[in-house]
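Chain and residue survey
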Amino acid sequence: MGRNELLAQLHEAAASPKRQLERYLAEGRKAVAVAPAYTPQEIVHSMGLVPMGVWGADMEISEAKKYYPAFICSIMQTILELGIRGEYKGVSAIIIPSLCDSLKTLGQNWKYAVKDIPFIPMTYPQNRKPDYGVKFTMAGYERVIRDLEAATGARFSKAALKESNRIYNEHNAVMRAFAEIAAEADITAAQRSDVFKSAWFMLPEEHTAVVRELNEELKRGPRAKGDRKVLVTGILADSPNLLRAFDENGIRIAADDVAHESRQYRTDVPNLDDPLEALARKFSAMDNCSLLYDRDKKRIDYIVEQARQHGAKGVIVLMTKFCDPEEFDYVPIKRACDAAGLISLNVEVDRQMVNYEQANTMLQALKEML
Amino acid sequence: MGEEGKKSRPAPDPNSAKFKLGRIAAKAYTDAAEAKARGEMVGWCASNFPVEIPETLGLYVCYPENQAAGIAARGGGERMCSISEGEGYSNDICAYARISLAYMKAKEAPEQDMPLPDFVLCCNNICNCMIKWYENIAKELDIPMILIDIPFNPDYEVSDAQVEYIKAQFWDAIHQLEDYTGKKWSEERFREVMETSGRSSRAWIDATSQAKHIPSPFNGFDLLNHMAVMVTARGKEEAAEAMETLLKEYRENHEKGISTFRAEEKYRIMFEGIACWPWLRVTSQGLKSRGINMVTTIYADAFGYIYEDFDGMCRAYADVPNAMNLEHARDKRIRLCRDNHVEGILVHTNRSCKLWSGFMPEMSRQIGEACGIPVASFDGDQADPRNFSEAQYDTRVQGLMEIMEGNKGGAE
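Residues numbered from 1 in each chain as written. Chains lettered and ligands numbered in written order. Predicted model: local features only at pLDDT ≥ 70, side-chain atom pairs only at ≥ 80, totals over all residues. Heavy atoms only, no water.

**Digging into the overall build of chain B**
When you go through chain B residue by residue, the secondary structure sums to 17 helices and eight strands. At 21 Å, chain B has a C-alpha radius of gyration in line with the 22 Å of a compact globule built from 412 residues. With the C-alpha coordinates of chain B rotated into their principal frame, the extents come out at 70 × 50 × 50 Å. Per-residue burial for chain B yields a buried fraction of 62% across its 412 residues. A separation of at least 24 residues holds for 80% of the contacts in chain B among residues at least 6 apart in sequence. (Helix = DSSP H or I, 4+ residues; strand = E, 2+ residues; numbered from the N terminus. Rg over C-alpha atoms; globule rule 2.2 N^0.38 Å. Buried < 20%, exposed > 50% of the residue type's maximum accessible area, 1.4 Å probe, protein only. Contact = heavy atoms within 4.5 Å.)

Structure below.
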């Protein structure tokens, strides 16, 4: 397939998660919804189940208002809204971690709002690096396995997990390579987003195959024009109107620190005898994320360093409204950018936002500055 | 700090619980300031951090949440929040955190000063927002941060895996503090602290349970003030003694048929959520003027830490309101409503607290149904005065009162 066909295929998956779900179900597979930002997808996959990402959708909220006050982020609100409206019908369970306060409440509301899809909690430790933290992560995984077995009838085996860990590492490598290639290739912000977003609705081995081919096509293809390069950071960057504003203003995403995108692919599962411990060690090695305890605020240095490495002149913070982990990090990010001579921009994003005119105006101003 | 007693206030009785509790709360700040002046290290401590650790080690700590509440209650909330917002912090962030981050910058607040920290003690059994807030303080002041991570428990009971994880962190925290401050852990001292904490807790639970009497011998707004001592000083001898005095007074009030609720008690409600500190007088008066006594709150249950040993302590800290699942949190409140003959629930939908407010609509519905009582909510904030509307509060309280009246058979 050529570049455009590959991108079209990924766009279709990104734009039609429901169709993807129906396809897997029609193949006789069972699917499990996985909520932001991290869940042990390797375990789900190893049990022959299809992990399907749920990050909400750009939509009006009505039913979820019975459960949530207005000041909870729209990602949580729309996940619940879609659940109540039956959009996830067919999935056998949902795994929701408790990595932020709003995620804690999503799990609790889910039990009563969406009674036909069982809630499986994943409790991660914040003190994840010491051995006792790794042990606690393993206990969390064991609980997920028990709940998945009960909800789906599927069985867990360590041999299968070892293989899934390998498949996910391979996917990580391909996605990291894509992010680097996309920084230099002639690809729109919307197309770049499709590649990341589609990963949430495809089996990793299938996605790996398509993206690997795409990487080769992009390497052979034309280079990007212009040098208005930025690093984008935040939880989500998938709004079509927002992405259009990037493209219309000729602003290229040279790198990202987006939870829905590259943060997923930075850390591999190490090769250990026990694949479950290996998976827990992966979580313990993860860093540079607003949801993971970071006394030294290494994420801030990471953002500046990545911007520099990729020749980005600016950092665009896509601030998900009401996301306090990100809001706390914004101040040190801004200060670090100022100190490093990087332009920084705080653009508020929200699942309920339709009009990105303000963002467009900000990006127009940024275009001039770059 | 409630409304009652404002007029012709008599000289405080130094033997009263109110005086003793107020003195303990104030002494925490002066002790810390004096320690700092002597060159001792002082920490900032999260409200639900296991106070037994600094107490056993003999460390001086201050409580930023307590300070923020004090600043907000005395009218400084908006000024301090604005300082943080000027730094770039969103006004969506918890107002306690905004006030605290502002204090770190301003280094003074006429409403309540406290020394800047040499270390921070963080525990997220109240919320994960604490982690982000303390990270920023630790990084900016370049001081150690000790985090005891107590994850939100999705199950009804605390698991052995969770206790094991918490216990390992407790020892890690103790060893880090020993290394940093030079203080030493003593098992003997820990047992004393544990026993004192148990004494304070038993007296607190017993005192708050006196609301089982009709009328209640106290105004529930008292609890919002007194709980500060339970949070910060329950391991201290004087706190245990003051709580026992409080219990004695409440029992005596009942025997004499008097109450610190200085109005006829026509209705009894449970108040849900953190106090609306900038509007304490308004929220209190809005109830009292209608004869509504807030007879209980989850705080009555939350700060009773009774345990027998170190493992028990670890388990107790995992079993606190904001770390427990909806069903467990609900059942605790249902018990409080039933034990205290509650006729309605008033929920503070607190803009600052995503965790507390995030599943409150569903939980309060379930409590209301289980107890057959009405639920009303109002929008507010624990420390930012801009997020509260007096008119809305008044309307909601009036509505709640009318339903309670109807339930008594008195509706037209």
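**Some thoughts on the sheet that holds strand β4 (residues 119-122) of chain A**
Residue and element names in this part refer to chain A. Overall, parallel pairing links the four strands, which are arranged β2-β1-β3-β4 in an open sheet. On the outer flanks of this sheet lie β2 (49-53) and β4, each paired with one strand and no other. Recorded for the sheet is a direction-independent mean angle of 30° between the axes of neighbouring strands. Of the strand pairs in this sheet, strand β1 (residues 30-34) and β2 are connected by five bridges, and their pairing is parallel. Along β2, the bridge assignment pairs valine 34 with glycine 53. Set on the sheet, helix α5 (residues 101-113) makes contact with β3 (91-97) and β4; between it and β3 the angle comes to about 150°. (Pairing = 2+ DSSP bridges. Axes fitted to C-alpha atoms, helices over the stretch in contact; angles between N-to-C directions.)

**Side note on the layout of surface pockets**
Estimated volume of the second largest pocket: approximately 660 Å³. Looking at the second largest pocket, it is lined by 30 residues, and the ones nearest its centre are A:Ala14, A:Ala15, A:Pro17, A:Lys197 and A:Phe201. (1 Å grid on protein atoms, 1.4 Å probe; cavity = no way out; pocket = protein on both sides within 12 Å on 5 of 7 lines; lining within 4 Å. Points joined across faces, edges and corners; volume = space filled by probe spheres on them.)

**What to know about the environment of A:Arg212**
Residues and elements named next belong to chain A. Inspection of the secondary structure puts arginine 212 in helix α9 (residues 204-220). Measuring from C-alpha to C-alpha, the distance between arginine 212 and alanine 177 comes to 8.6 Å, with 35 residues separating the pair along the chain. Excluding residues that lie within four positions of it along the chain, arginine 212 makes contacts with Glu170 and Val174.

**Digging into the interface of chain B and chain A**
Between chain B and chain A, the contact holds 55 residues from the first and 47 residues from the second. Across the chain B/chain A interface, buried area totals approximately 4,300 Å², and carbon plus sulfur atoms make up 57% of it. Counting the surface chain B buries against chain A, the share from its top three residues, B:Lys132, B:Tyr165 and B:Lys354, is 16%. Connecting chain B to chain A are 10 salt bridges. One salt bridge connects B:Glu164 with A:Lys135, and the closest N-O pair in it is separated by 2.4 Å. At the boundary of chain B with chain A, the tally comes to 30 residue pairs in polar contact (both at pLDDT 80 or more). Here the residues of the side of chain B that touches chain A sort into 25 nonpolar, 13 polar and 17 charged. (Buried area = accessible area lost by both parts, 1.4 Å probe. Salt bridge = Lys/Arg side-chain N within 4 Å of Asp/Glu carboxyl O. Polar contact = N/O pair within 3.5 Å; in protein donor to acceptor, adjacent residues only side chain to side chain. Nonpolar A, V, L, I, M, F, W, Y, C, P; charged D, E, K, R; others polar.)

**A look at helix α8 (residues 189-198) of chain A**
Structural remark: α-helix, 3.6 residues per turn; residues separated by three or four positions point the same way. Counting buried positions over the 10 residues of α8(A) gives eight, a clear majority of the element. Within α8(A), burial applies to A:Ala189, A:Arg192, A:Ser193, A:Asp194, A:Val195, A:Phe196, A:Lys197 and A:Ser198.

**Focus on the packing of helix α10 (residues 240-248) of chain A against helix α14 (residues 357-369) of chain A**
Residue and element names in this part refer to chain A. Between α10 and α14, the least distance of the axes is 9 Å, while the angle of their chain directions is 20°. Relative to α14, the element α10 is oriented roughly parallel. Every pair of crossing elements has a handedness; the one defined by α10 and α14 is right-handed. Contacts between α10 and α14 involve Leu242, Ala245, Phe246 and Glu248 from the first element and Ala359, Asn360 and Leu363 from the second. (Parallel < 35°, antiparallel > 145°, perpendicular 65-115°, else oblique. Left-handed = near helix turned anticlockwise from the far one by under 90°.)

**A closer look at the sheet that holds strand β7 (residues 344-350) of chain B**
Residues and elements named next belong to chain B. The parallel open sheet is built from four strands, whose spatial order is β6-β5-β7-β8. On the outer flanks of this sheet lie β6 (292-296) and β8 (375-380), each paired with one strand and no other. Neighbouring strand axes in the sheet, compared pairwise and without regard to direction, differ in orientation by 35° on average. For strand β5 (residues 267-272) and β6, the ladder comprises four bridges, and the chain directions are parallel. Of the residues in β6, the one forming a bridge with arginine 268 is asparagine 293. The strands that helix α17 (residues 390-407) touches are β5, β6, β7 and β8; relative to β8, the one it contacts most, it runs at about 170°.

**What about unusual backbone geometry?**
Between A:Pro36 and A:Ala37 the backbone carries a cis peptide bond, its omega angle lying at -10°. For the bond running from B:Ile214 to B:Pro215, omega is -5°, close enough to zero to count as cis. Its place among the elements puts B:Pro215 in the loop between α8 (187-208) and α9 (221-233). Positive phi outside glycine occurs at A:Lys297, with the angle close to 50°. Classification of A:Lys297 by relative accessible area gives buried; the value is 3%. With a phi angle near 50°, B:His341 is a residue other than glycine that sits in the positive phi range. Among the structural elements, B:His341 can be located in the loop between α14 (326-339) and β7.

**Thoughts on the side chain of A:Thr152**
Residues and elements named next belong to chain A. Mapped onto the secondary structure, threonine 152 falls in helix α6 (residues 131-152). For threonine 152, a relative accessible area of 7% corresponds to the buried category. Here the side chain of threonine 152 touches leucine 148 through a polar contact of 2.7 Å, landing on its backbone oxygen. At 3.0 Å, the side chain of threonine 152 forms a polar contact with the backbone nitrogen of alanine 154.

**Here's the deal with empty space enclosed by the protein**
All names here are of chain A. Taken as a whole and assessed by the stated rule, the structure comprises nine cavities of 30 Å³ or more. Counted as a void, the largest cavity has a volume near 330 Å³. If you trace the largest cavity, you find 25 residues lining it, with Gln41, Glu42, Tyr168, Gln264 and Lys282 closest to the centre. Among the secondary structure elements, those contributing two or more residues to the lining of the largest cavity are α3 (41-46), β2, α7 (158-184) and α11 (275-285). When its residues are assigned to classes, the lining of the largest cavity shows 15 nonpolar, seven polar and three charged. The computed volume of the second largest cavity comes to approximately 160 Å³.

**Structural notes on the pattern of salt bridges**
Taken as a whole and judged by the stated rule, the model has 78 salt bridges over all chains. Residues A:Arg192 and A:Asp256 are paired through a salt bridge, measuring 2.7 Å at the closest nitrogen-oxygen approach. Highlighted residues: A:Arg192 in helix α8 and A:Asp256 in strand β6 (residues 252-258), separated in sequence by 64 residues. Given a relative accessible area of 7%, A:Asp256 falls into the buried group. Residues joined by salt bridges that share partners form a network here, namely A:Asp257, A:Arg263, A:Arg266, A:Lys297, A:Arg299, A:Glu326, A:Asp329, B:Lys132 and B:Glu135.

**Some remarks on the state of the cysteines**
Scanning all chains against the criterion turns up zero disulfides over all chains. The thiol of B:Cys371 is not disulfide-bonded; the next cysteine sulfur, from B:Cys337, is found 4.7 Å away. (Disulfide = S-S within 2.5 Å.)

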